[in-house]
Protein chains: 2
Amino acid sequence: MAAPIDFYFDFSSPYGYLASHKIDALAAKHGREAQWRPYLLGAVMKVTGQQPLPSIPLKGDYAKRDFLRSARFHGVPYRHPTSFPIASVAPTRAFYWLNAKDPRRAKELARALYAAYFLEDVDTSQAENTIAVAAKLGLPADEVRAGIGDQAVKDLTKAEVDKAIALGAFGSPYIVVDGEPFWGIDRFDQLERWLSSGGF
Amino acid sequence: MAAPIDFYFDFSSPYGYLASHKIDALAAKHGREAQWRPYLLGAVMKVTGQQPLPSIPLKGDYAKRDFLRSARFHGVPYRHPTSFPIASVAPTRAFYWLNAKDPRRAKELARALYAAYFLEDVDTSQAENTIAVAAKLGLPADEVRAGIGDQAVKDLTKAEVDKAIALGAFGSPYIVVDGEPFWGIDRFDQLERWLSSGGF
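Residues numbered from 1 in each chain as written. Chains lettered and ligands numbered in written order. Predicted model: local features only at pLDDT ≥ 70, side-chain atom pairs only at ≥ 80, totals over all residues. Heavy atoms only, no water.

Can you explain the side chain of R187 of chain A? Please cite residues and give values.
Tracing the chain through its elements places R187 of chain A in the loop between β4 (180–183) and α10 (188–197). Using a relative accessible area of 6% as the deciding quantity, one classes R187 of chain A as buried. A distance of 2.7 Å separates polar atoms of two side chains, one belonging to R187 of chain A and the other to D66 of chain B. For R187 of chain A, the contacting residues outside a window of four places in its chain are F182 of chain A together with Y15, Y62, D66, R69, S70 and D186 of chain B. (Helix = DSSP H or I, 4+ residues; strand = E, 2+ residues; numbered from the N terminus. Buried < 20%, exposed > 50% of the residue type's maximum accessible area, 1.4 Å probe, protein only. Polar contact = N/O pair within 3.5 Å; in protein donor to acceptor, adjacent residues only side chain to side chain. Contact = heavy atoms within 4.5 Å.)

Here you go:
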């Protein structure tokens, strides 16, 4: 099997959420596996100096419309969250806590966290909400709570975020195939051609 | 014939240049005409507070790679200009000067100005370079020079830019179909579906 592709995303990102519905099938179609690597756009913005989309004049209004239209276009159910964007530290830590033990379940948790935020309007920036989402998957709340609060998990999360930024990731989704980066679900057409042809 | 679609772009924009190779055929396919409306991203950035792509950490490096790869993907010849981005006031004024007299030739001039900048590395921010591009199309240099310097043309250009921003345009290409905005050549898939179905 060819090398896995890396799928960087933020748990507060609408386009990352849309991509999460597509990336595994796309990878599998080309004999690859997608490694899910949540990170924090808040940390990215400290480097790039950029602002969250909703706070940018003109672009913010467009973005809201584009989230909804892009979801319809890609056939993915979407409900724009009441609180948006949110800090994604708690879900990201929960992911890496679980990922160290069971990557397959960590991916399930990531899907559940995305669904909670973008379908059920659950504010996963609140650690207790993230813990409740995990509990529905059968993960004991006490263990998740301890995991999120564990210094080793905090350090691991920070290391993953730093590593992503060091390799150039700045958006969500941000996908890397054999060193070639693709930013946005609107680069999935180029990504697909790249996977088919090994470059163009 | 259905209402024309509006094609907003900046003469310094790589994605606007790529879109300029596609927009007329796409419009025609759906029984529409594309009205070309150059405007100034420099003026937009005063409203949005954003910076030109190359000056944004991480995103700037990616953007350069994406310009080249997107050009290959869309099959459009592209040579990244030595001086980038540039102020696009001179080519935009030349366009509106000619557009008031002959919209068809104004579109030809726009194509020639894009080709000069993105194929031949001609810095069209220099008024004399814009005038030289126009002269190759048979437009007398003296007339173009007078047109660019004409206060009425300056006012018309400013009015067009203000109008674009007032309706929400903030990027290049930015296309409006029956009131629905599409930002980016990477929204041409959605644009095409919208044109086919009248919305989705």
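Give me the packing of aromatic side chains: which residues, what numbers.
Residues and elements named next belong to chain A. Using the criterion set out here, one finds 50 aromatic pairs over all chains in the structure. The rings of F7, F9, F11, Y17, W36, Y78, Y114, Y117 and F118 are connected pair by pair, giving a single aromatic cluster. Its end group placed over the ring of F200, R193 keeps NZ or CZ at 5.5 Å from the ring centre. (Phe/Tyr/Trp six-rings, centres within 6.5 Å; stacked < 30°, edge-to-face > 60°. Lys NZ or Arg CZ within 6 Å of the ring centre and 35° of its normal.)

Help me get a handle on the sheet that holds β4 of chain A, residues and values and all.
Residues and elements named next belong to chain A. Read across the sheet, four strands follow the order β2-β1-β3-β4 without closing on themselves; strand pairing throughout is mixed. Pairing within the sheet leaves two strands with one partner each, and these edge strands are β2 (34–38) and β4. Going across the sheet, the axis of each strand differs from the next one's by a mean of 20°, ignoring polarity. Helix-sheet contacts for helix α6 (residues 103–118) involve β1 (5–9) and β2, and the interaxial angle to β2 is about 55°. (Pairing = 2+ DSSP bridges. Axes fitted to C-alpha atoms, helices over the stretch in contact; angles between N-to-C directions.)

Which residues make up the interface of chain A and chain B, and what values do they have?
The interface of chain A with chain B comprises 32 residues on the first partner and 32 residues on the second. Roughly 3,300 Å² is buried in total at the junction of chain A and chain B, and carbon and sulfur atoms are behind 54% of that figure. Joining chain A to chain B, the criterion identifies eight salt bridges. In this structure, R69 of chain B engages E180 of chain A in a salt bridge whose closest nitrogen and oxygen atoms are separated by 2.8 Å. Summed over the shared surface of chain A and chain B, the number is 22 residue pairs in polar contact (both at pLDDT 80 or more). Only α3 (41–48), α4 (59–74), β4 and α10 of chain A provide two or more residues apiece to the side of chain A that touches chain B. (Buried area = accessible area lost by both parts, 1.4 Å probe. Salt bridge = Lys/Arg side-chain N within 4 Å of Asp/Glu carboxyl O.)

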